[in-house]
Amino acid sequence: MKNILIFLALTVGLDAQDSWKKEVIAKKMEQGKEQREAWVVGTLTEHLDLNTEQAQKFFPLQNEFHNKADGAKKAHQEKLRELRLAAKDNRSKFDVDAAIDSKMRMKDALVKLESKFLQDTKDILTEEQRAKLLFFEERMKANIAKEMKGSKDFDRNKRGAKRFFDSDRKR
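Since this is a predicted model, take the numbers as computed values, not measurements. (Residues numbered from 1 in each chain as written. Predicted model: local features only at pLDDT ≥ 70, side-chain atom pairs only at ≥ 80, totals over all residues. Heavy atoms only, no water.)

**Notes on the side chain of S102**
Mapped onto the secondary structure, S102 falls in helix α3 (residues 96–120). If we ignore the near neighbours within four places in the chain, the residues touching S102 are H76 and K79. (Helix = DSSP H or I, 4+ residues; strand = E, 2+ residues; numbered from the N terminus. Contact = heavy atoms within 4.5 Å.)

Put into structure tokens, the structure is as follows:
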């Protein structure tokens, strides 16, 4: 009986410790997200040379766009999760056509959302600022890729974990 009580106490203790770790990780991820958002706001404000009035109108519009885009991406991720679960025991049952359809619907939704967002900036930004905005994301991705390429950790990060449909590993 004593052994059972000790075992239960250890199990509860380990579970509580695991929950604490998850909370700490979630908090750090949220802080990282906030820092990235602040960095993007600062960089975009500087890049577009936004005045205060423009920034007050522009960033709520941009946040709305990003929230809707995230919703479209999450719907696609959920669909892929469902397809993977359905093929969990047998990879040959993975419905590639449904995955392609989901990806195409997501990309179509993203294009429509971005187009609407860029059109909605017409009354907020000058034509020059809109042109800069149009290419901002690609420029930032290219700059980040350059920085990563120069980083020592780049090669290690390039060889990330493969997904189940990319390898023969059994999960």
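Back to the text.
**Quick word on helix α2 (residues 52–86)**
The end-to-end C-alpha distance of α2 is 51 Å, a good match for the 51 Å that 35 residues give at a rise of 1.5 Å each. The set of residues buried in α2 consists of Q54, A55, F58, F59, L61, Q62, F65, A69, A72, H76, L80 and L83. Capping of α2 at its N-terminal end is provided by N51; its side-chain oxygen lies 3.1 Å from the backbone amide nitrogen of E53. (Expected span 1.5 Å × (residues − 1). Buried < 20%, exposed > 50% of the residue type's maximum accessible area, 1.4 Å probe, protein only. Polar contact = N/O pair within 3.5 Å; in protein donor to acceptor, adjacent residues only side chain to side chain.)

**Description of the side chain of Q129**
Mapped onto the secondary structure, Q129 falls in helix α4 (residues 127–150). A polar contact is formed between the side chain of Q129 and the backbone oxygen of L48, at a distance of 2.9 Å. A polar atom in the side chain of Q129 sits 2.8 Å from the side chain of Q54. Residues contacting Q129, with those up to four places away along its chain left out, are L48, D49, L50 and Q54.

**Section: α4**
End to end, α4 covers 35 Å across 24 residues, agreeing with the expected 34 Å (1.5 Å per residue, within 8%). Where α4 bends most, the angle comes to about 45°, and this point is F136. Among all positions of α4, only Q129, R130, L133, F136 and M140 are buried. (Bend = angle between axes of the 7 residues up to and from the residue.)

**Side note on the packing of α3 against α4**
Relative to each other, α3 and α4 sit at 160°, their axes nearing to 10 Å. Classed by the angle they form, the pair α3 and α4 counts as roughly antiparallel. Both α3 and α4 take part in a crossing whose hand is right-handed. Seen from α3, the contacting residues are F117, L118 and Q119; seen from α4, they are R130, L133 and L134. Of the residues that constitute the contact of α3 with α4, the class distribution is four nonpolar, one polar and one charged. (Axes fitted to C-alpha atoms, helices over the stretch in contact; angles between N-to-C directions. Parallel < 35°, antiparallel > 145°, perpendicular 65-115°, else oblique. Left-handed = near helix turned anticlockwise from the far one by under 90°. Nonpolar A, V, L, I, M, F, W, Y, C, P; charged D, E, K, R; others polar.)

**Describing the packing of α2 against α3**
Axis separation between α2 and α3 bottoms out at 9 Å; the angle between their running directions is 175°. Considering the angle they form, α2 stands roughly antiparallel to α3. The residues of α3 that touch α2, namely those facing F58, L61, Q62, F65, K68, A69, A72, K73, H76, K79, L80 and L83, are A98, A99, S102, K103, M106, A109, L110, L113, E114, F117 and D120. Looking at the contact of α2 with α3, its residues break down into 14 nonpolar, three polar and six charged.

**Section: the packing of aromatic side chains**
For any pair of aromatic rings, the description consists of the separation of the ring centres together with the inter-plane angle of the planes. Applying the stated criterion to the full structure yields three aromatic pairs. Relative to F59, the ring of F58 lies with its centre 5.1 Å away and its plane at 75°, an arrangement referred to as edge-to-face. On the numbers, 5.8 Å between centres and 50° between planes, the contact of F58 with F117 is tilted. Highlighted residues: F58 in helix α2 and F117 in helix α3, separated in sequence by 59 residues. A residue is classified by how much of its surface remains accessible, and F58, at 0% relative accessible area, is buried. Ring-pair connections join several aromatic residues into one group, and the members of that group are F58, F59, F65 and F117. (Phe/Tyr/Trp six-rings, centres within 6.5 Å; stacked < 30°, edge-to-face > 60°.)

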